[in-house]
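Coordinate inspection notes
Spelled out, the chains give:
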Amino acid sequence: MGERPQLVIVGAGFGCLFAAQRLADSPIDLTVIDRHNYHLFQPLLYQVATAGLSSAEIAWPVRSILRRQANAAVLLGEVSGIDTQAREVIVEGRRLRYDWLVLATGARHAYFGHDEWEKTAPGLKRIEDATDIRARVLTAFERAEAETDPEKRRGLLSFAVVGGGPTGVELAGALAELARRALSRDFRRIDPRGARIVLLEAGPRILPAFPEKLSAIAQRSLEKLGVEVRTGEAVTACDDSGVSVGEDRIAARTILWAAGVAASPAATWIGAEADRAGRIKVNPDLSVPWKQRIFAIGDTALVMQDSRPVPAVAPAAKQQGRYVAQVIDSAVRAKSAPPPFRYRDYGNLATIGRKFAVIDFGWIRLSGFTAWLLWCVAHIYYLIGVRNRIVVSIHWLWAYFTFQRGARLITAPRKD
Ligand SMILES: Cc1cc2nc3c(=O)[nH]c(=O)nc-3n(C[C@H](O)[C@H](O)[C@H](O)COP(=O)(O)OP(=O)(O)OC[C@H]3O[C@@H](n4cnc5c(N)ncnc54)[C@H](O)[C@@H]3O)c2cc1C
C-alpha cells in the first residue's frame, strides 16, 4: 500500500464504518480491525434473542461492506493493547503500525460491581448473547412442559428483565408476545400464555430518556401485553432461582440483563483518562488528550456537549465517525481543521411488541401503530444490504399478520 499515511480503526461498529466510508477518497490507507468478521446491527439484537429474526439478517461481513473501497483493508483479530511509543496496535501477537488511530470498540454490559450475576443474567451485546438468550427462553418453555412439580413449573415460566431502557422494554414486549401469541398453541401440558414476565427498573419510570407522557404510554402498552412493570427499586441479588428487589423475591428461572453498560477497555490500552464507565475522555475534536493522532469515538468515548455526555446511541457513533474522518482528512491534506464536534440529536424510538412504538423527535411525539410504522421504516432503512432489508420487512409483515416467530431454534449449548 505504498507510503501513504496509515490509519488503523479498531472496531467495525457504526462509528468505524461511517469513518471508513467517509475516507474513501482520502490520500490515506486504512485498516479496520475487528474480532468478528461482521458488522452487527445491535438495535435489532433483541429480535434475534426472542426468535423474531435470525442472526444473519442483522449482521453483514465487514469485508463485503468495504469491498469496493480500494484504500480499505480488513483484519480479523482481537486487539489486546496499543504501543503508543512505537505507534503499533497489538492484535493476536502481531503488531500493526499506525500513523493515525481511531478507537471505536464500543461497550459491553456491566453489573454494577456484581460480575457474578452475569452467569445467571446474561446481557445482550453480541450475536452469541442473543442466541444464548433465545436458547434459555425456549428451553424454559420446553422444561416447563416436562416438569411435574407446579412450583418448579411456575419458576420455569417466569422471566425477569432487568433494566427499563429501550432494550429492556423491547425485550419484555417481545417476550410477552412470544409467550402469549407465537407459542400459545405449541404445548400440550402447559399454557405459555400464563408465563409471568416482569420488567424491573431501578429509576422512577421506564424509558427515562423519553418525555414522561411517552414513558407512561409505553408502560401501559407493556401491561396490556401482560408484562408486570416494577419501577423505583434496584435489584439486590440475582441467582438461578430468581431476583431480589428491595424486600421482595421474584422467582424466575430466566433473568435477562439490560441494565448497565461499560466501555471497552480501550482507555487502559493507551493509559487515557476515563470516566467511571471506562469511557475515554476526549477533546472537542474527539482526539485523546496528550495522545498524538489517537481518537476515540462511539460508545467507548465520553464526549461532553453542553455539560452533558453525548448519549451512547448509534446516530452519535455515526456522526462521530464521520467527523473524525473529516479531521484526519483535513490533516493529511494540510487543510484547516473542522470546527469542534457537535452532536445532532434526532430523537428516540422504542417499540413494544409487534405493532406499537413510541417516538420522540422533539418536534413530534407519537405513540401507537403509526409510530411503529415509522420505527420499522427507520430500522429497515439503516440495515445494511438490500437482501436483509427485504427479508426483515417480510418477517415483520408475516409476524404482523400471523403472530408467528420463525427463528425459534435452540442452537446455543443448553445451560441447565
Ligand atoms: C441490545 C442493544 C440495542 C440497542 N438499541 C439501540 C437503538 O435502538 N438505537 C440506537 O441508536 N442505539 C442502540 N443501541 C446502541 C448502539 O448499538 C451503539 O451506541 C452503537 O453500536 C455504538 O457504536 P460503536 O461504533 O461505538 O460500537 P459497536 O457498534 O459496539 O462496535 C464496536 C466493535 O468493536 C469490536 N471490538 C470491541 N473490542 C474489540 C477488540 N478488543 N478487538 C477487536 N475488535 C473489538 C466489536 O466486535 C464491535 O464490532 C443498542 C445497543 C444494544 C447493545
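These notes cover the structure that comes with them. (Residues numbered from 1 in each chain as written. Predicted model: local features only at pLDDT ≥ 70, side-chain atom pairs only at ≥ 80, totals over all residues. Heavy atoms only, no water.)

As a further point, take the nonpolar core. Note on soluble globular proteins: their nonpolar side chains tend to be buried together. Core analysis: the biggest nonpolar cluster contains 65 residues, and Leu 44, Phe 141 and Leu 222 have the highest contact counts within it. No other element matches helix α6 (residues 166–182), which puts 9 residues into this core. Sequence-distant contacts of Leu 222, that is, excluding residues within four places in its chain, are made with Val 169, Ala 172, Gly 173, Leu 199, Ile 206, Val 227, Val 229 and Ile 352. (Core = buried A, V, L, I, M, F, W, Y, C linked by side-chain atoms within 4.5 Å. Buried < 20%, exposed > 50% of the residue type's maximum accessible area, 1.4 Å probe, protein only. Helix = DSSP H or I, 4+ residues; strand = E, 2+ residues; numbered from the N terminus. Contact = heavy atoms within 4.5 Å.)

Following the criterion strictly, the structure yields 12 aromatic pairs and no others. Aromatic rings pair up to connect Tyr 111, Phe 112, Trp 117 and Trp 257 into one cluster. Between the NZ or CZ atom of Lys 318 and the centre of the ring of Tyr 382, over which it lies, the distance is 3.8 Å. (Phe/Tyr/Trp six-rings, centres within 6.5 Å; stacked < 30°, edge-to-face > 60°. Lys NZ or Arg CZ within 6 Å of the ring centre and 35° of its normal.)

Glancing now at the site of the ligand. The ligand sits among 27 residues. The nearest are Gly 15, Asp 34, Gln 42, Val 79 and Asp 299. With respect to the ligand, the backbone of Phe 14 contributes an N or O atom lying 3.2 Å from an oxygen atom. One of the side-chain nitrogen or oxygen atoms of Gln 42 is found 2.8 Å away from an oxygen atom of the ligand. Listing elements by their share of the shell around the ligand, those giving two or more residues are α1 (14–22) and α9 (314–332). Among the elements that line the shell around the ligand, the one with the most residues is α9, at 3 residues. Along the lines of polarity and charge, the residues of the shell around the ligand split into 12 nonpolar, 10 polar and 5 charged. (Near = heavy atom within 4 Å. Polar contact = N/O pair within 3.5 Å; in protein donor to acceptor, adjacent residues only side chain to side chain. Nonpolar A, V, L, I, M, F, W, Y, C, P; charged D, E, K, R; others polar.)

Moving on, we get to the pattern of salt bridges. Taken as a whole and assessed by the stated rule, the structure comprises 21 salt bridges. As a salt-bridge pair, Asp 299 and Lys 125 come within 3.9 Å of each other at their nearest N and O atoms. Of this pair, Asp 299 sits in the loop between β20 (294–296) and β21 (301–302) while Lys 125 sits in the loop between β10 (107–109) and α4 (127–146), and the two are 174 residues apart along the sequence. Exposure remark for Asp 299: the relative accessible area of 18% places this residue in the buried category. One salt bridge in this structure joins Arg 408 and Asp 186, with 2.2 Å as the shortest N-O distance. Of the two residues, Arg 408 sits in the segment after α11 (386–402) while Asp 186 sits in the loop between α6 and β12 (196–201), which places them 222 residues apart along the sequence. With relative accessibility at 39%, the residue Asp 186 sits in the partly exposed group. Among the charged side chains, a network of salt bridges with common partners joins Asp 83, Glu 88 and Arg 95. (Salt bridge = Lys/Arg side-chain N within 4 Å of Asp/Glu carboxyl O.)

Now for the packing of α1 against α9. Running from N to C, α1 and α9 cross one another at 35 degrees; their axes reach a closest spacing of 7 Å. Here the hand of the crossing between α1 and α9 comes out right-handed. Here Phe 14, Gly 15, Phe 18, Ala 19 and Arg 22 of α1 come into contact with α9, specifically with Ala 314, Ala 317, Lys 318, Gly 321, Arg 322, Val 324, Ala 325 and Gln 326. (Axes fitted to C-alpha atoms, helices over the stretch in contact; angles between N-to-C directions. Left-handed = near helix turned anticlockwise from the far one by under 90°.)

The next subject is the side chain of Ser 158. Mapped onto the elements of the fold, Ser 158 is located in strand β11 (residues 158–162). The exposure class of Ser 158 is buried, given its relative accessible area of 7%. Beyond its immediate stretch of four places on either side in the chain, Ser 158 contacts Arg 196, Ala 251, Ala 252, Arg 253 and Thr 254.

On the secondary structure map, Val 391 appears in helix α11. Taking C-alpha positions, Val 391 is 9.8 Å from Ile 380, a pair spaced 11 residues apart along the chain.

Judged by pairing direction, the sheet is antiparallel, and its 3 strands sit side by side in the order β14-β15-β16 without closing on themselves. The sheet terminates laterally at β14 (235–239) and β16 (248–251), the two strands that pair on one side only. Taken pair by pair, the neighbouring strands of this sheet meet at an average axis angle of 15 degrees, ignoring direction. Bridge count between β14 and strand β15 (residues 242–245): 4 bridges; the pairing is antiparallel. Bridge pairing links Val 235 to Val 245 in β15. (Pairing = 2+ DSSP bridges.)

Geometric descriptors of this kind do not, in isolation, establish any biological role.
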